[in-house]
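As a plain string of letters, each chain reads:
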Amino acid sequence: MSPAEPAPLTDREGYYRRLGQKNMAPLWEVMKGLVPNEPVPSPAPAIWRWNDVQDLVMEAGDIITAKEAERRVLVLENPALAGTSCITQSLYAGLQIILPGEVAASHRHSQSALRFVLSGDGAYTAVDGERTTMSPGDFVITPPWTWHDHGNESDHPMVWLDGLDVPLVGFLDAGFKEDYPDDKQPITRPEGDSLARFGEGLLPAGHDGSSNCSPVFNYPYERSREALATLDRDQERDPCFGVRLKYVNPVNGDYAMPTIGTFLQLLPQGFTTAPYRATDATVFSLIEGRGRTVIGDELLEWGARDVFVVPAWSWYRHEVEEESVLFSFSNRPVQEKLGLFREERGEKTS
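Residues numbered from 1 in each chain as written. Predicted model: local features only at pLDDT ≥ 70, side-chain atom pairs only at ≥ 80, totals over all residues. Heavy atoms only, no water.

A.B. asks: What am I meant to see in the sheet that holds strand β7 (residues 130-133) here?
C.D. replies: Sheet strands line up and pair through hydrogen bonds in the backbone, either parallel or antiparallel. The strand order β7-β6-β9-β4-β11 describes an open sheet built from 5 strands, whose pairing is antiparallel. The two strands at the open ends of the sheet, each matched to only one other strand, are β7 and β11 (177-179). Taken pair by pair, the neighbouring strands of this sheet meet at an average axis angle of 25°, ignoring direction. Relative to strand β9 (residues 148-152), strand β6 (residues 123-127) is paired through 5 bridges, and the arrangement is antiparallel. (Pairing = 2+ DSSP bridges. Helix = DSSP H or I, 4+ residues; strand = E, 2+ residues; numbered from the N terminus. Axes fitted to C-alpha atoms, helices over the stretch in contact; angles between N-to-C directions.)

Dropping the structure here:
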């Protein structure tokens, strides 16, 4: 018996094969995937509970030195994006630990970076010649292409959440990095200089405001927390956000960072937010409090120092058991500047 003859190609299949040979493809076969009716988020809802990961973070200090690692960080990888080192499609996140007496050597890169301090105090970050000592809840930024190093002169470990736009910069093929010749950069300004110059509702005369990053690089939690408490006493709570503040560049009122939007919000005890969704996948971290977030059919229970992610265009609401303060970051500035950002609010039911 002779082998079966292959089925003849249809005219359309033959045409597609000839297109492929010329490195071409028919748009109509992939149109729905390229231009969907609404966003189809790739990340999944996910949470990293501090009580579950704390020992692993501390163990990293025994496994490798800060000098050997350059940055001793455990990457928070979204389970739906395995192998990508991404927490969302455009953002990276990780938990960094620095032990007493250590220095994370100075370098700079084209990616924007943030630190949100979770545990410990007394360690420092130095950015372009100025040090800032960090405490829990502080929001610290590293603008693109600025020298920065970290050191711990306290007697206990320090842990913070790193957030960077690594995937976004990589997509644009614009990633560069350079190491400083020494572990530490020279300190040329006194600690607190940037906050004194730009953080008091005043600007130094003659400041040109040309940078698209905030000249303030540490937003102390003590100040931010006091502002939240004052606003909670004096204004009506937003149904979706409670009391929420946006970290801004004091020079122009824009976001503190050009590619990453950052917020701090207060949710009082017993408060349940109205459903909300937006096109920016958002990473949350708790500095204090306890509660849960409902994302579609999923329920994420959270407490202090936990980190969780809400995918883009996914309905979610927060349900608060104890008064809570949530830090969050996303790629919202990029979406807004490109005219892509959209949001929807649902009705509050209780």
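Still to come is the rest of the account.
A.B. asks: Help me out: how do you make sense of helix α7 (residues 221-234) in this one?
C.D. replies: Because the α-helix completes a turn every 3.6 residues, residues three or four places apart line up on one side. Look at α7: 20 Å from first C-alpha to last across 14 residues, which is about the 20 Å you get at 1.5 Å a residue. Residues Tyr 221, Ser 224, Arg 225, Leu 228 and Asp 232 constitute the buried set of α7. On an axial view of α7, the arc spanned by its buried residues comes to 100°, and they lie on one face. Of the exposed residues in α7, those oriented more than 90 degrees away from the buried face are Glu 222, Glu 226, Arg 233 and Asp 234. Packed against the buried residues of α7 are β12 (218-219), β13 (243-246), β14 (261-267), β16 (282-295) and β19 (316-330). (Expected span 1.5 Å × (residues − 1). Buried < 20%, exposed > 50% of the residue type's maximum accessible area, 1.4 Å probe, protein only. Arc of directions from axis to C-beta. Contact = heavy atoms within 4.5 Å.)

A.B. asks: Would you mind going over the sheet that holds strand β10 (residues 158-164) with me for this structure?
C.D. replies: The antiparallel open sheet is built from 6 strands, whose spatial order is β2-β3-β10-β5-β8-β12. Of all strands in the sheet, those with a lone pairing partner are β2 (73-75) and β12, marking the two edges. Relative to β10, strand β3 (residues 92-98) runs antiparallel, the two being bridged by 7 bridges. Bridge pairing links Gln 96 to Trp 160 in β10. Sitting on the sheet, helix α3 (residues 50-63) touches β2, β3, β5 (113-119) and β10, and the angle it makes with β3 is about 55°.

A.B. asks: For this particular structure, what's the right way to read the packing of aromatic side chains?
C.D. replies: Two aromatic rings are characterised by how far apart their centres lie and by the angle between their planes. Counted under the stated rule, the structure contains 16 aromatic pairs. Residues Phe 241 and Tyr 276 carry aromatic rings whose centres are separated by 4.9 Å and whose planes lie at 70° to one another, so their mutual orientation is edge-to-face. In this pair, Phe 241 sits in the loop between α7 and β13 while Tyr 276 sits in strand β15 (residues 276-278), placing the two residues 35 residues apart along the sequence. Overall, Tyr 276 belongs to the buried group, its relative accessible area being 2%. Plain terms: the ring middles of Tyr 255 and Phe 263 are 6.2 Å apart, the flat faces sit at 80° to each other, and that makes the pair edge-to-face. As far as burial versus exposure is concerned, Tyr 255 and Phe 263 are alike and both buried. One aromatic cluster is present, formed by Phe 116, Phe 139, Tyr 219, Tyr 247, Phe 327 and Phe 329 through successive ring pairs. The aromatic ring of Phe 263 is capped on one face by Arg 244, whose charged end is 4.1 Å from the ring centroid. In this arrangement the basic side chain of Lys 246 is found over the ring face of Tyr 255, its NZ or CZ atom lying 4.0 Å from the centre. (Phe/Tyr/Trp six-rings, centres within 6.5 Å; stacked < 30°, edge-to-face > 60°. Lys NZ or Arg CZ within 6 Å of the ring centre and 35° of its normal.)

A.B. asks: Is there a simple way to explain the pairing of strand β8 (residues 139-142) in this structure?
C.D. replies: Each regular strand displays side chains that alternate between the two surfaces of the sheet. Side-chain alternation along β8 places Phe 139 and Ile 141 on one buried face and Val 140 and Thr 142 on a second face that is also buried. In this structure, β5 lies alongside β8, joined through 4 bridges in antiparallel fashion. Opposite Leu 114, over in β8, you have Ile 141 as the bridge partner. Both β8 and β12 contribute to a ladder of 2 bridges, which runs antiparallel.

A.B. asks: I'm lost on the side chain of Ser 328 in this one. Help?
C.D. replies: Along the chain, Ser 328 falls in strand β19. With a relative accessible area of 3%, Ser 328 lands in the buried category. In this structure Ser 328 touches Gly 261, Thr 262, Phe 263, Thr 282, Val 283 and Phe 284, once residues within four positions along its chain are discounted.

A.B. asks: In this structure, what is going on with empty space enclosed by the protein? I would like to understand it.
C.D. replies: The final tally for this structure, using the stated rule, is 1 cavity of 30 Å³ or more. Of the volumes computed, that of the largest cavity is approximately 120 Å³. Looking at which element gives the most residues to the lining of the largest cavity, the answer is β19, with 4 residues. (1 Å grid on protein atoms, 1.4 Å probe; cavity = no way out; pocket = protein on both sides within 12 Å on 5 of 7 lines; lining within 4 Å. Points joined across faces, edges and corners; volume = space filled by probe spheres on them.)

A.B. asks: Explain the layout of surface pockets to me, please; I cannot follow it from the model alone.
C.D. replies: Gaps between atoms show up when a probe of the same size as a water molecule is rolled over them. Put simply, the largest pocket is a space of about 920 Å³. Those elements that provide at least two residues to the lining of the largest pocket are α2 (31-34), α5 (166-171) and α8 (332-337). Looking at which element gives the most residues to the lining of the largest pocket, the answer is α5, with 3 residues. A class-by-class count of the residues in the lining of the largest pocket yields 17 nonpolar, 9 polar and 3 charged. Reported here for the second largest pocket is a volume of approximately 400 Å³. Only α6 (193-198), α7 and β13 provide two or more residues apiece to the lining of the second largest pocket. Considered class by class, the residues forming the lining of the second largest pocket number 11 nonpolar, 3 polar and 3 charged. (Nonpolar A, V, L, I, M, F, W, Y, C, P; charged D, E, K, R; others polar.)

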